Amino acid sequence: MIKAAVFDVGETLIDETRIWCRWADRLGVPRFAFLGVIGGMAATGRPLTDAFELVRPGIDIEAEQVAWAAEEPESLRNNFDADDLYPDVRRALGELRARGISVIIAGNQPPQAKSALERMELPVDAVYTSAEWALEKPDPEFFARVAEVAGVMPGEICYVGDRVDNDVLPVLAAGMMPVLIRRGPWGYLTAEQPDAARATVVDGLDELPDLLAPA
């Protein structure tokens, strides 16, 4: 019996399209080209930082972010807000809570993501980020912390994310139930990997209430 549903952020709750398009504009490359390069990283298992290096060799991403913030202090830049939520998020999370399941957000995110998510006033019990824990998926300690904050046994926790490497294999190793959502570059691509068969695969969050807590 699942008592807690824990959610990744990027491409699980947040549509990152606008973020990557703003980065493309910042880097001076066509949006389609940059999105295609990001897809290539997802398809080949390369880190996202390689996408920046490919379109602008020698880039210092951290320095670029600092300069961007100084030039456009009021813009979202590489951040997100409520307009970036996938349309099924509030509905599905609210229904899970209505059916008695604790709902927690915990994903690999920078410090500012926590406050951004909290400002959305989502129907969740808590929001955590890798930045505040100083732990990142797929580190087993990240999922140990997930179990700790959920306050239930690992076998009573479902973790929902869009990547096999971060959201399926380490979740299984932690004794939790993995759910892989088919959206975003990683979601669609990794749903075809053999290890995806070890997870429950869904096409949207609205499938979760009946899956985890049938009425």
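Up top is the structure.
Conventions used here
Residues numbered from 1 in each chain as written. Predicted model: local features only at pLDDT ≥ 70, side-chain atom pairs only at ≥ 80, totals over all residues. Heavy atoms only, no water. Helix = DSSP H or I, 4+ residues; strand = E, 2+ residues; numbered from the N terminus. Contact = heavy atoms within 4.5 Å. Core = buried A, V, L, I, M, F, W, Y, C linked by side-chain atoms within 4.5 Å. Buried < 20%, exposed > 50% of the residue type's maximum accessible area, 1.4 Å probe, protein only. Axes fitted to C-alpha atoms, helices over the stretch in contact; angles between N-to-C directions. Parallel < 35°, antiparallel > 145°, perpendicular 65-115°, else oblique. Nonpolar A, V, L, I, M, F, W, Y, C, P; charged D, E, K, R; others polar. Phe/Tyr/Trp six-rings, centres within 6.5 Å; stacked < 30°, edge-to-face > 60°. Lys NZ or Arg CZ within 6 Å of the ring centre and 35° of its normal. Arc of directions from axis to C-beta. Polar contact = N/O pair within 3.5 Å; in protein donor to acceptor, adjacent residues only side chain to side chain.

J.: Please explain the environment of G161 as it appears in this structure.
T.: Checked against the element boundaries, G161 lands in strand 4 (residues 157-161). A C-alpha to C-alpha distance of 12 Å links G161 and A196, two positions 35 residues apart in sequence. Not counting the four nearest positions on each side in its chain, G161 is found in contact with D8, T12, D167, V179, L180 and I181.

J.: When you look at the nonpolar core in this model, what are you seeing that I'm missing?
T.: Side chains that are nonpolar tend, in soluble globular proteins, to be buried together. F7, W23, F34, F80 and L205 are the most contacted members of the largest nonpolar core, which has 48 residues in total. Among the elements that take part in this core, helix 1 (residues 17-27) stands out by supplying five residues, more than any other. In contact with F34, not counting residues within four places along its chain, are W20, W23, A24, L27, V29, A51, F52 and V55. Residues A106, W133, I157 and V171 belong to the second largest nonpolar core, which totals 17 residues.

J.: So what exactly am I meant to see when it comes to the packing of helix 1 against helix 4 (residues 61-71) here?
T.: Each pair of packed helices can be described by the angle between their axes along with the distance between the axes. Orientation of helix 1 relative to helix 4, taken along the N-to-C sense of each, is 90°, at an axis distance of 12 Å. One element, helix 1, and the other, helix 4, form an angle in the roughly perpendicular class. Along its contact with helix 1, which presents R22, W23 and R26, the element helix 4 presents I61, E64, Q65, A67, W68 and E71. Its residues placed into classes, the contact of helix 1 with helix 4 shows four nonpolar, one polar and four charged.

J.: Can you walk me through the packing of aromatic side chains in this structure?
T.: Aromatic ring pairs are described here by two measures, namely the spacing of the ring centres and the angle between the planes. Under the definition given, this model contains nine aromatic pairs. Measuring from centroid to centroid gives 5.2 Å for F142 and F143, while their planes differ by 70°, and the two rings are edge-to-face. Each member of the pair, F142 together with F143, is buried. Members of the aromatic cluster, connected to one another through ring pairs, are W20, W23, F34, F52 and W68. In this structure, R183 packs its charged tip against the face of Y86, placed 3.9 Å from the ring centre.

J.: What's the story with helix 8 (residues 140-150) in this structure? I'm lost.
T.: One full turn of an α-helix is made of 3.6 residues, so residues set three or four places apart face in the same direction. Turning to helix 8, its buried residues number three or more, namely F142, F143, V146, A147 and A150. On an axial view of helix 8, the arc spanned by its buried residues comes to 140°, and they lie on one face. Residues of helix 8 that are buried make contact with strand 1 (4-7), strand 2 (102-107), helix 7 (130-133), strand 4, helix 9 (164-167) and helix 10 (169-173). The N-terminus of helix 8 is capped by D139, whose side-chain oxygen sits 2.8 Å from the backbone nitrogen of E141. Looking one or two residues beyond helix 8, the residue adopting positive phi is G151, at roughly 70°.

J.: Looking at this structure, I do not really get the environment of L48. What am I missing?
T.: Summarising the element assignment, L48 is placed in the loop between helix 2 (31-44) and helix 3 (49-55). A relative accessible area of 27% places L48 in the partly exposed class. Along the primary structure L48 and I38 are separated by 10 residues, whereas in three dimensions their C-alpha atoms are 6.8 Å apart. In this structure, L48 is in contact with W20, I38 and W186, ignoring residues within four places of it in sequence.

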